[in-house]
Amino acid sequence: KECTLTLNAWFDKWMETYKKKTVKYGTYQNYLNHFNFYVRNGIGKKKLKDVTVDDIQMLYNNLCDRGFTAGTIKLLGATLNGCYKKAVNNRMISFNPVPLAEIPRCKDRKEKYVFTKDEQRQFMEYIKENYLYNFFCIILMTGMRNGEARALQWKCVDFDKKLIHVEHTLVTLVGGGYMLDTPKTKTSKRIIPLLPQAEEILREMKDYSVSIGIGNEDNFVFCLPDGSAISRERVTVQLNHIEKKMKDNNIPVGHITCHTLRHTFATRAIENGMKPQVLKTILGHSNISITMDLYAHVLGEEKVQEMILLENLF
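Numbering of residues starts from 1 in each chain and follows the order in which that chain's sequence is written. Restriction of local features to residues with pLDDT of at least 70 applies here, the model being predicted, together with a cutoff of 80 or more for giving and counting side-chain atom pairs; totals for whole chains, interfaces and linings are based on all residues. In computing side-chain values, all of the structure's heavy atoms are included and hydrogens and water are not.

**Digging into the packing of aromatic side chains**
Next up, step 1: Planes of paired rings set the category: under 30 degrees apart is stacked, over 60 is edge-to-face and the rest tilted, where pairs are Phe, Tyr or Trp rings (Trp by its six-membered ring) whose centres lie within 6.5 Å. Following the criterion strictly, the structure yields 13 aromatic pairs and no others.
Next up, step 2: For the ring pair Tyr-178 and Phe-220, a centre distance of 5.9 Å and an interplane angle of 70° mean the geometry is edge-to-face. Pair noted here: Tyr-178 is in strand 4 (residues 178-181) and Phe-220 is in the loop between helix 8 (196-211) and helix 9 (232-248), with a separation of 42 residues, a long-range link.
Next up, step 3: In textbook terms, an aromatic cluster arises when at least three aromatic residues are bridged by ring pairs, as seen for Tyr-113, Phe-115, Phe-123, Phe-135, Phe-136 and Phe-222.
Next up, step 4: We call a charge positioned over a ring when the NZ of a Lys or the CZ of an Arg lies within 6 Å of the ring centre and within 35 degrees of the ring normal. Above the ring of Tyr-18, the side-chain terminus of Lys-86 is found at 4.7 Å from the ring centroid. Comment: elements are numbered from the N terminus, with helices defined as DSSP H or I runs of at least four residues and strands as E runs of at least two.

This is how it looks when you write it as structure tokens:
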């Protein structure tokens, strides 16, 4: 029997039947968001069997022309490929057009902004009165991701051994609310040693949290006065506010995000000689090549100095 489903209809069924209970909630939402943003109102309306390689290629080319990176297009392609593979396996259609389309050469991913040492010092001054001061400090001192820090519970802070156990990430639910999800990748679940300054901040926070009744093991370390989680939006609003104040005072900072703080931690670690494999485990990178890209960026200026050391060898 000929399949008459549109791509939209099959995608929704594929997600509900095959993905909802097999992938993390955050991954599920990423699939959905990519499809809704880029496909649903375009080729999604075509019948599943009628979508051609040209259709996929034109979608990719259009996204490239609109300034999207190759990485974003690859993620969308992976989602579409999974959807089509299952349709072929289920013998609904005989052909998967997705692998035959080519990822175009797009603009490079924008260089992630990272503080210089002086900008970091100034940032620390500007956040002193901010209610998320401790949150920003801990990310700068541990390299944790935004969602990981917001998900941190007191039971994951080991004061005796001076360690943080990264066990979860906080995911915002469609329609409101949040849930604890497993971290980004298997290697994201990790243990981070505490610097003395970070330990001091957390001990003071713990004492205060206990005193107002929100310092139990399952309570969030970083939370609102009623113990509820901090939203991603709150963090973004505060960082944007701090960035504006700094720029208003003629401090030429770039766009500040939580990734800026994470990347700054990594940069300071590299500058101070931390080994790549150690930094990989602290940051929770899934691949050493991701960590090595940071080293290539940070140590670029040192290459000239290192080459000078070789001049007497030839």
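**Quick look at the pairing of strand 3 (residues 169-172)**
Next up, step 1: With four bridges connecting them, strand 3 and strand 4 associate as antiparallel partners. Within the sheet, the bridge partner assigned to Thr-172 lies in strand 4 and is Tyr-178. Pairing between strands is defined by DSSP: at least two bridges between them are needed.

**Side note on helix 2 (residues 25-38)**
Next up, step 1: Under the convention used throughout, the expected extent of a helix is 1.5 Å for every residue step, that is, one less than its residue count. With 14 residues, helix 2 extends 20 Å from end C-alpha to end C-alpha; this agrees with the ideal 20 Å at 1.5 Å per step.
Next up, step 2: All of the buried residues along helix 2 are Gly-26, Tyr-28, Gln-29, His-34, Phe-35 and Tyr-38.
Next up, step 3: Those residues of helix 2 that are buried lie in contact with helix 1 (7-19), helix 3 (53-65), helix 4 (70-89), strand 3 and strand 4. Classification of residues uses two cut-offs on accessible area relative to the type maximum, computed with a 1.4 Å probe and protein chains only: under 20% is buried, over 50% is exposed, and between them is partly exposed. Every residue pair with non-hydrogen atoms within 4.5 Å of one another is taken to be in contact.

**Remarks on helix 8**
Next up, step 1: For helix 8, with 16 residues, the first-to-last C-alpha span of 23 Å sits near the 22 Å given by 1.5 Å per residue.
Next up, step 2: Every buried residue of helix 8 is accounted for by Ala-198, Glu-199, Ile-201, Leu-202, Met-205, Lys-206 and Ser-209. The buried side chains of helix 8 occupy one side of the element, clustering within an arc of 160° when seen end-on. Turned more than 90 degrees off the buried face of helix 8, the exposed positions are Pro-196, Glu-204, Asp-207, Tyr-208 and Ser-211.
Next up, step 3: Its buried side turned inward, helix 8 meets helix 6 (133-142), strand 1 (157-158) and strand 2 (163-166). The directions from the helix axis to the C-beta atoms form the arc being described.

**Focus: the sheet that holds strand 1**
Next up, step 1: Overall, antiparallel pairing links the three strands, which are arranged 1-2-5 in an open sheet. The strands lining the two open edges of the sheet, one partner per strand, are strand 1 and strand 5 (190-193).
Next up, step 2: Note: strand 1 against strand 2, two bridges, orientation antiparallel. When the sheet's bridge partners are listed, Val-157 is paired in strand 2 with Ile-164.

**Side note on the environment of Lys-128**
Next up, step 1: For Lys-128, the location among the structural elements is in the loop between helix 5 (117-126) and helix 6.
Next up, step 2: C-alpha separation for the pair Lys-128 and Asn-312, spaced 184 residues apart in sequence, amounts to 50 Å.
Next up, step 3: Counted as a polar contact is a pair of N or O atoms within 3.5 Å, where, for protein atoms, one must be capable of donating a hydrogen and the other of accepting one, and residues adjacent in sequence contribute only when both atoms are in side chains. A polar side-chain atom of Lys-128 sits 3.3 Å from a polar atom in the side chain of Glu-125.

**Regarding the nonpolar core**
Within soluble globular proteins, side chains that are nonpolar tend to cluster in buried spots.
Next up, step 1: Of all hydrophobic cores here, the largest spans 49 residues; its most connected members are Phe-123, Phe-135, Phe-136, Leu-202 and Phe-222.
Next up, step 2: For this core, the secondary-structure elements that each account for two or more residues are helix 6, strand 2, helix 8, helix 9, helix 10 (258-271), helix 11 (276-283) and helix 12 (288-298).
Next up, step 3: No other element matches helix 6, which puts seven residues into this core.
Next up, step 4: Not counting residues up to four positions away in its chain, the partners in contact with Phe-135 are Asn-146, Ala-149, Arg-150, Phe-222, Val-235 and Cys-258.
Next up, step 5: Joining through side-chain atoms within 4.5 Å is the link that ties buried Ala, Val, Leu, Ile, Met, Phe, Trp, Tyr and Cys residues into a set, and such a set is a nonpolar core. Val-51, Leu-59, Leu-63 and Cys-64 belong to the second largest nonpolar core, which has 28 residues in total.

Remember, this is a structural readout, not a statement about activity or role.
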